[in-house]
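# Structure at a glance
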Amino acid sequence: QVQLMESGGGLVQPGESLTLSCTVSGSVFKINVMGWYRQAPGKQRELVATIDTVGRPNYVDFAKGRFTISRDNAKNTIDLQMNSLQPEDTAVYYCNADIMYRGDYWGQGTQVTVSS
């Protein structure tokens, strides 16, 4: 059984940084694209960033220049380094993985709150 587990969320002040981590566990042959999404209260889930198997990242506009996605294929993990956080970044952040022969999986989410 495949599971994704996020960690690293919390409460920070505007301008501070936070790093989220996600670990994929279980029977996994290969993980294709991995990514981070977020869902703010009252809004739809939206893409933050993705990263392919060779480490090429792709960011949406609000993440460019502030967020950095990375992955460790040996450990089946991805991280999201978030800098200069603002109140509008407050959301539940979800990890996503496209796992070969298994399909699309999501983590349970980790709360990020940016508030003074």
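Located above this text is the structure these notes cover.
A few points on the structure. Bear in mind the structure is a predicted one, so any value in this text is a computation, not a measurement.

### A closer look at the sheet that holds strand E8 (residues 77-82)
Taken in spatial order, the four strands line up as E1-E3-E8-E7 in an open sheet, and their pairing is antiparallel. The open sheet terminates on both sides in strands that have one partner only, identified here as strand E1 (3-7) and strand E7 (67-72). Shown here is a sheet whose adjacent strand axes are inclined to one another by a mean of 15°, direction ignored. Note that strand E3 (residues 18-25) and E8 share six bridges and pair antiparallel. Its bridge partner being in E8, Thr19 is matched across the sheet by Gln81.

### Here we look at the nonpolar core
Counting residues in hydrophobic clusters, the biggest one holds 30 residues, and the most contacted among them are Trp36, Leu80, Met82 and Tyr93. Considering each element in turn, this core owes the most residues, five residues, to strand E9 (residues 91-99). Beyond its immediate stretch of four places on either side in the chain, Leu80 contacts Leu18, Thr19, Leu20, Trp36, Val48, Phe67, Thr68, Ile69 and Tyr93.

### Quick word on the pattern of salt bridges
A full pass over the atoms with the stated rule returns five salt bridges. For Arg38, the salt bridge is made with Asp89, and the minimal N-O distance between the two is 2.9 Å. Of this pair, Arg38 sits in strand E4 (residues 31-39) while Asp89 sits in the loop between E8 and E9, and the two are 51 residues apart along the sequence. Take Arg38 and Asp89: they sit in the same class, and that class is buried.

### Overview of unusual backbone geometry
Of note, Ser84 is a non-glycine position whose phi angle comes to about 50°, a positive value. Of note, Ser84 is situated in the loop between E8 and E9. Classification of Ser84 by relative accessible area gives partly exposed; the value is 37%. For Tyr101, which is not a glycine, the phi torsion comes out positive at approximately 70°.

### Section: the environment of Phe29
Here Phe29 is to be found in the loop between E3 and E4. In this structure, the C-alpha to C-alpha distance between Phe29 and Val112, residues 83 residues apart in sequence, is 31 Å. In this structure, Phe29 is in contact with Met100 and Tyr101, ignoring residues within four places of it in sequence.

### Comments concerning the state of the cysteines
If you walk through the whole model with that rule in mind, you get one disulfide. Paired through a disulfide, Cys22 and Cys95 show a sulfur-sulfur distance of 2.1 Å. Sign of the S-S torsion, about -80° for the bond between Cys22 and Cys95, identifies this disulfide as left-handed. Of this pair, Cys22 sits in strand E3 while Cys95 sits in strand E9, and the two are 73 residues apart along the sequence. There is no split in this pair, since Cys22 and Cys95 are both buried.

Parameters at a glance
- Residues numbered from 1 in each chain as written.
- Predicted model: local features only at pLDDT ≥ 70, side-chain atom pairs only at ≥ 80, totals over all residues.
- Heavy atoms only, no water.
- Pairing = 2+ DSSP bridges.
- Helix = DSSP H or I, 4+ residues; strand = E, 2+ residues; numbered from the N terminus.
- Axes fitted to C-alpha atoms, helices over the stretch in contact; angles between N-to-C directions.
- Core = buried A, V, L, I, M, F, W, Y, C linked by side-chain atoms within 4.5 Å.
- Buried < 20%, exposed > 50% of the residue type's maximum accessible area, 1.4 Å probe, protein only.
- Contact = heavy atoms within 4.5 Å.
- Salt bridge = Lys/Arg side-chain N within 4 Å of Asp/Glu carboxyl O.
- Disulfide = S-S within 2.5 Å.

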